[in-house]
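The lines below spell out each chain.
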Amino acid sequence: MDYVNNKYDCIVVGAGHAGCEAAISCARLGASVLLCSLNLDNIALMPCNPAIGGPAKSTLVREIDALGGVMGEAADATYIQMKTLNSSKGPAVRALRAQSDKRQYMDYMRNLIEKINNIHLRQACITDLLVKDGAVCGVVDEFGIEYSAPVAILTTGTSLSGKIFVGLKSYDAGRLGEKAAIGLSDSLRSHGITLKKLKTGTPPRVDKRTIDYSKMTIQPGDDELNFYSFKPDRPIRKQYPCYLTRTNELTHEIIRTNLDKSPMFQGLIHGVGPRYCPSIEDKVVRFSENPSHHIFIEPEGLGTYEMYIQGFSSSLPADVQVKMLRTLPGLENAHVIKPAYAVEYDYVPAVQTTHSLMSKTIKGLFFAGQINGTSGYEEAAAQGLIAGINAMNYLNKSEMLELSRSSSYIGTLIDDLVTKDIQDPYRMLTSRSEYRLLLRQDNADFRLTPTGHKVGLIDDTQYKVFTDKQEEIEKEMARCREAKISATDEVNSILAQYGENIERGMKIAELLKRPNLNYRVIKEIDETTRELNIPKDVYEQVEILIKYEGYLKRQEFQVEQSGKLEKYKLPDDIDYSKIDHISSETKDKLSKIRPKTLAQASRIGGVKPADISILMVLLERHDIARK
């Protein structure tokens, strides 16, 4: 490509988590990529919590890795604490969480990008989108410089017309210390794209040298480490603790007394905030019956004394924040380095995009991350990866990669975004997936690595690691179904420690179905199992597949039933306004979203089962109204 004349295959606007995955995936697939950022020193910045994963989000990270993305690899390389959440619960809700070194994570991601020769960095504020004949053909920056490309991916985060609030004071910015992206919103509107506003926020940072940890509860990492990436030989690093404290009635009283200084409660912020990560003042008002709320104190990294105050997001004035913080046990003398703030920004409701994340009205224009109405680094990275893959598919005139709800959390996330009218920042939750027992973090490679290999982001070496693992799982599954454990006194003596007993010889698979027993107990009572020394990632899969076999078959049947509606394809040119017996609301929503199948139509909010039945009958009769 002609870099001298600013001609590229793909332009990525924004270098946050979505932009990094988009640029890296598209470039690794062969495209020349221009990656633009307001500040190149902030590539892959974690402006909020320097952590990756948690409930549902860890599954997204594992899926990103299984497809050939890089977030899991970066998290493994830069963690300062690894912890498995919900470890005592079922596998569907277990979640890995990594506290990351913020600066190391950014450096790792930038180094990855700079090693890819066909990614070209540019510090620029993109203000205009160039469109010709209904397709994107380039962008323009604040200095009037044009950059040409047949594909553009917008990953603007909170910068798009961003405005920061600290108390009743506000100024244009996407993040503290970084300017807002002004101009692009107007350009998008001029091309028929609808924009709305959302709000998010971040807590204050305090000096760790001014904290009394003796008044807090220590939160250590795990002794036995787990990792995000399915690549072998992940690094073993020293872990550092987090701490737990709580708000109290004095904290709440200060908040209630100063609500008149809150831009949110005074109506200055019009965007809707995140439902599952509210500000501390919002929590105190909404949950007034709660005498206190958990507050976690977490390190930002090894090379800084900044500590992150998780659970203490606020938009109250800076001086009020200091008073609030100093009511918390251990923070009585806390020195605030950076105040908490709220940020309101423009986003593009994703009902205007297809499942490929490409605009329905402008060909070659993709959206990924918070611009689609999501919150969270993991949600952004997942979308960036899919947008990058599909940008290359668009360039090659290949079939778009559109993951189904039954294949992945990524598929569930995107399907929710493009078929539902999201009103607040979308966060991935295990409860959002009707197939969460099938879509676990532990089997993301089984579900998606073949797709990553087919796409071209998983190389043959890594694919061989995957296929070897699957063969080991199948082999050990077969052995467990055949091998027997004798009912000896020695065996029963060990089993008694777990509240179990056997009166006859039993196959290993039968024993693994018992709630109190797991593979490690089998190793205690069976010499052959000990001698085989099966790898942990293999025996964990064997145990889950055997123990939850009945539940898994039930969910697979649900997938099969849902698949029947997927077979009913809805033509792109249906004139829903001419279809009788369905409500005007349903007609409007179907016309706006234009689902591809009956299954997608059934998930649109407000579309009733009766409406789906009518459409099914019309499709079977070939009597559907066309434009």
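What you see is a predicted model; the values in this text were computed from it and never measured. (Residues numbered from 1 in each chain as written. Predicted model: local features only at pLDDT ≥ 70, side-chain atom pairs only at ≥ 80, totals over all residues. Heavy atoms only, no water.)

## Side note on the nonpolar core
The cut-off we apply is this: Put simply, buried Ala, Val, Leu, Ile, Met, Phe, Trp, Tyr and Cys residues joined by side-chain atoms within 4.5 Å make one nonpolar core. Relative accessibility thresholds used throughout: buried, under 20% of the residue-type maximum; exposed, over 50%; partly exposed, between the two (1.4 Å probe, protein chains only). Labels follow the DSSP assignment, with helices taken as runs of H or I lasting at least four residues and strands as runs of E lasting at least two, numbered in each case from the N terminus. Note on contacts: a residue pair qualifies if any of its non-hydrogen atoms lie within 4.5 Å across the two residues.
The biggest cluster of nonpolar side chains holds 79 residues, and the ones touching the most others in it are Val33, Ile52, Met109, Ile119, Ile153, Phe366 and Ile410. With 10 residues, the top contributor of residues to this core is helix α9 (residues 377-395). In this structure, Ile410 is in contact with Leu60, Glu63, Ile64, Leu67, Ala382, Ile386 and Leu403, ignoring residues within four places of it in sequence. Tyr147, Ala149, Ile193 and Val348 belong to the second-largest nonpolar core, a separate cluster that totals 24 residues.

## Brief notes about the sheet that holds strand β9 (residues 146-148)
Threshold: Here, any two strands with at least 2 DSSP bridges between them count as paired. Axes, fitted as lines to C-alpha atoms, cover a helix only where it is in contact. Angles between the N-to-C directions of the axes lie from 0 to 180 degrees.
Spatially, 3 strands are ordered β7-β8-β9 in an open sheet, and the strand pairing comes out antiparallel. In the strand order of this sheet, the two ends are held by β7 (126-132) and β9, each with one partner. Averaged over all neighbouring strand pairs, the angle between strand axes comes to 30 degrees, with direction disregarded. Judged from the 3 bridges that link them, strand β8 (residues 135-141) and β9 form a sheet pairing that is antiparallel. Following the sheet pairing, Val139 is matched in β9 by Tyr147.

## Structural notes on the sheet that holds strand β12 (residues 169-172)
Across the sheet, 4 strands lie side by side as β12-β11-β20-β13; this open sheet has antiparallel pairing. One side of each edge strand has no neighbouring strand; the edge strands of this open sheet are β12 and β13 (196-202). Neighbouring strand axes in the sheet, compared pairwise and without regard to direction, differ in orientation by 25 degrees on average. Alignment of strand β11 (residues 163-166) against β12, held across 4 bridges, turns out to be antiparallel. Paired with Phe165 across the bridge in β12 is Ser170.

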